[in-house]
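# Structural characterization, general
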Amino acid sequence: MHSPLPVLALLFNTLVWGLAWWPFRAMHEAGLHPLWATALMYALVLTALVALRPASLRQALQYPALVLLGLCAGSNNIAFNWAVTIGDVVRVVLLFYLMPAWSVLLAWKILGERPTPAALARLLLAFGGVALVLLPEGAVQGGSAGFQSLSLADGLALFGGFTFALTNVLLRRLQAVPAQARMLAMFCGCMAMGLASAFAASRVGLVPPLPAPEAFWISIAVGLAGLLMLGNWALQFGASRLPAGVTAVVMLSEVVFASVSSVLIAGETLSARTLLGGACVVAASLLSALAHARPRQRAIGTP
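Here goes a summary of the coordinates provided. Nothing here was measured: the structure is a model prediction, and the numbers come from that model. (Residues numbered from 1 in each chain as written. Predicted model: local features only at pLDDT ≥ 70, side-chain atom pairs only at ≥ 80, totals over all residues. Heavy atoms only, no water.)

## Considering the overall build of the chain
The number of helices and strands found in the chain is 14 helices and 0 strands. Listed by position from the N terminus, the elements making up the chain come as α-α-α-α-α-α-α-α-α-α-α-α-α-α. When the 303 residues of the chain are sorted by exposure, 46% land in the buried category. For the chain, long-range pairs separated by at least 24 residues make up 88% of all intrachain contacts whose partners lie at least 6 apart in sequence. For the chain, the exposed area adds up to about 15,100 Å²; of that, 70% sits on carbon and sulfur atoms. (Helix = DSSP H or I, 4+ residues; strand = E, 2+ residues; numbered from the N terminus. Buried < 20%, exposed > 50% of the residue type's maximum accessible area, 1.4 Å probe, protein only. Contact = heavy atoms within 4.5 Å. Areas by Shrake-Rupley, 256 points an atom, 1.4 Å probe, with all protein chains shown as cover.)

## So, the environment of T167
The residue T167 is located in helix α9 (residues 152–173) in this model. Residue classification places T167 among the buried residues on the basis of a relative accessible area of 1%. Separated by 92 residues in sequence, T167 and S75 have C-alpha atoms that sit 9.5 Å apart. When residues no more than four places from it in sequence are discounted, the contact partners of T167 are L69, C72, A73, N76 and M186. In terms of polar contacts, T167 uses its side chain to reach the backbone amide nitrogen of A73, at 3.4 Å. (Polar contact = N/O pair within 3.5 Å; in protein donor to acceptor, adjacent residues only side chain to side chain.)

## With respect to the packing of aromatic side chains
Each aromatic ring pair is summarised here by two numbers: the centre-to-centre distance and the angle between the ring planes. The full count for this structure, using the stated rule, is 6 aromatic pairs. Pairing W17 with F80 gives two aromatic rings, centres 5.9 Å apart and planes at 75 degrees, and the pair type is edge-to-face. Of this pair, W17 sits in helix α1 (residues 5–19) while F80 sits in helix α5 (residues 66–86), placing them 63 residues apart in sequence. A relative accessible area of 4% places F80 in the buried class. (Phe/Tyr/Trp six-rings, centres within 6.5 Å; stacked < 30°, edge-to-face > 60°.)

## Remarks on the packing of α5 against helix α6 (residues 89–96)
Remark: α5 packs on α6, axes separated minimally by 9 Å, with the N-to-C direction vectors making an angle of 155 degrees. For the element pair α5 / α6, the angle class is roughly antiparallel. Contacts from N76, F80, A83 and V84 of α5 reach α6 at V89, V92, V93 and F96. (Axes fitted to C-alpha atoms, helices over the stretch in contact; angles between N-to-C directions. Parallel < 35°, antiparallel > 145°, perpendicular 65-115°, else oblique.)

## Brief notes about a nonpolar patch on the surface
Together, W22, V256, V260, V263, L264, I265, L270 and L275 line one region of the surface with nonpolar side chains, adding up to about 730 Å² of accessible area. In terms of residue count, the dominant contributor to the nonpolar patch is helix α13 (residues 253–265) (5 residues). Mapping V263 onto the fold places it in helix α13. (Patch = residues over 30% accessible without salt bridge, like charges linked within 9 Å, V, L, I, M, F, W, Y side chains within 5 Å. Salt bridge = Lys/Arg side-chain N within 4 Å of Asp/Glu carboxyl O.)

The analysis is restricted to geometry; functional conclusions fall outside its scope.
Laid out in structure tokens, this is it:
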């Protein structure tokens, strides 16, 4: 009998990220913008990682290509954190989970993996679902006017999903690099991109400056940083012990955790168009996960 621990570990990781919008909003209401919060939390995570595994820093410095990985990981993190803080949580998470569709296009361009007809069909299903989520009724007849309803949170979610897909493609390309070095590069990128974007945005008045320290948001930031470290460890533990297809399916539970929590805690509502569009996006992700699981099953003799 297989141990349920790897699946439970993945579920813990998705629970952390599915509920992350709540502490980010609490810090935002206390005056700490999510860009500053991201920089602060990952500075804490990075400090703890280097203290626990100092060899990872020497490893990371041996691979200059990790700079690009860090930039991509940092970009997707700040985009997601900012989007769930200011936008509709369900809408943001669904747009972010367009990631498998972006992965098909990026793998085609970067890794030379031509998409199969089934992959292209999943791509159309995912983008069709996004159109339902994003565009209001009558947008097609209204032409470009329909896109005027897109918010900053929508744009951040789409950008975050794209850079998340790019991060995953780069991880595949850099699979020969030690895992500790890759993890350190990603955490460093999250801190650096959060800090750089917060400084730049505050200079032009897009976000408020870093507020004076307060026990309330400091305690939330420290607590969330600890949960993110535990969540990352749980992800590494679970993903390394399960087939990639199973991991991808379990990770979709983040959509459920985010949706249910936003309805119960924030009082958000789910329209019929959002539910239908979300079903298309999740179905495309699920079909993608199952498609990647089949080759592995054949290889080990599973019918």
